Amino acid sequence: QRQMCIRDRGRAEFTILLLGKNGVGKSSTVNHLIGERKQKVNPYGVSTIDKPTVITRSVGIQPVAGGLLDMGAQDPINLYPDFHLTLIDTPGLVIGDRIHEATLNTVAEIAKVEPIDAVLFVDRLDVYDVSALDREVFEAVSRVLGAEIWGNTVLCLTHGELEPAKGQTYADAVSA
């Protein structure tokens, strides 16, 4: 059975919210997704943005056989010439050892105006660990944005080019 594609749902846009702690690679991920260096990045883990940044790009999407955008026998050329991808890059959700409530509240205000289709929760693969602070972040996101936000969330692990923590393999880090 064929899945319903975005266009079948009457949609010509898709919005992705990026969330995570400071210095995990949210802005670098945005740059990679849009194929240009739009967001400043800091290799030292210090956030370079102090408020959420909304970036929208119009893209022409061509269907992939068997994929979500597969339209069967239709001509794929210019099938989606005016599809809009919106990325919302956010500052880190933590300041020091506390949740950055102001950022979460600002994101909640944006979500009232710009419906969020998917969330990329970004964290670092090379130092991945679920700490008490991480649990506080998950609870704060659920409290402010609603627990249903996790139903459309993908864990995005970055910094894979770096070595994992001493004595640990990537397989160990991911399975923890």
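So, how was this worked out
Residues numbered from 1 in each chain as written. Predicted model: local features only at pLDDT ≥ 70, side-chain atom pairs only at ≥ 80, totals over all residues. Heavy atoms only, no water. Helix = DSSP H or I, 4+ residues; strand = E, 2+ residues; numbered from the N terminus. Buried < 20%, exposed > 50% of the residue type's maximum accessible area, 1.4 Å probe, protein only. Contact = heavy atoms within 4.5 Å. Areas by Shrake-Rupley, 256 points an atom, 1.4 Å probe, with all protein chains shown as cover. Expected span 1.5 Å × (residues − 1). Arc of directions from axis to C-beta. Polar contact = N/O pair within 3.5 Å; in protein donor to acceptor, adjacent residues only side chain to side chain. Core = buried A, V, L, I, M, F, W, Y, C linked by side-chain atoms within 4.5 Å.

### Observations concerning the overall build of the protein chain
1) Next: For the protein chain, the count of helices and strands is four helices and seven strands.
2) Next: Reading the helices (α) and strands (β) of the protein chain from amino to carboxyl end gives β-α-β-β-β-β-α-β-α-β-α.
3) Next: With 176 residues in all, the protein chain has 36% of them scored as buried.
4) Next: When contacts within the protein chain are restricted to residue pairs at least 6 apart in sequence, those whose partners lie at least 24 apart make up 72%.
5) Next: Summed over all atoms, the accessible surface of the protein chain reaches about 10400 Å², with 53% contributed by carbon and sulfur.

### A word on helix α3 (residues 132-145)
1) Next: Compared with the 20 Å implied by 1.5 Å per residue over 14 residues, the 20 Å span of α3 between its first and last C-alpha is a close match.
2) Next: For α3, the full list of buried residues reads Asp134, Val137, Ala140, Val141 and Leu145. With its buried residues spanning 120 degrees around the axis, α3 presents them on a single face. Turned more than 90 degrees off the buried face of α3, the exposed positions are Ala132, Glu139 and Arg143.
3) Next: Buried positions along α3 lie against β1 (13-20), β4 (94-95), β5 (98-99), α2 (101-113) and β6 (118-124).
4) Next: Gly146 occupies a position one or two residues after α3 and carries a positive phi of about 95 degrees.

### Here's the deal with the environment of Leu19
1) Next: Tracing the sequence through the fold places Leu19 in strand β1.
2) Next: By relative accessible area, which is 1% here, Leu19 ends up buried.
3) Next: C-alpha separation for the pair Leu19 and Val122, spaced 103 residues apart in sequence, amounts to 6.0 Å.

### Points about the side chain of Ser27
1) Next: Inspection of the secondary structure puts Ser27 in helix α1 (residues 26-34).
2) Next: Polar contacts involving the side chain of Ser27 include one to the side chain of Asp89, which spans 2.5 Å.

### Re the nonpolar core
1) Next: Judged by nonpolar contacts, the single largest core of 17 residues is most densely connected at Leu17, Leu19, Leu93, Leu104, Val137, Val141 and Leu145.
2) Next: Mapped onto this core, the elements with two or more residues apiece are β1, α2, β6 and α3.
3) Next: Every residue in contact with Leu104, bar those within four places of it in the chain, is listed here: Leu93, Ile99, Ala140, Val141, Val144 and Leu145.
4) Next: By size, the runner-up hydrophobic cluster in this structure holds eleven residues, among which are Ile16, Ile55, Leu87 and Val122.

Don't take any of this as a statement about function, it's just geometry.
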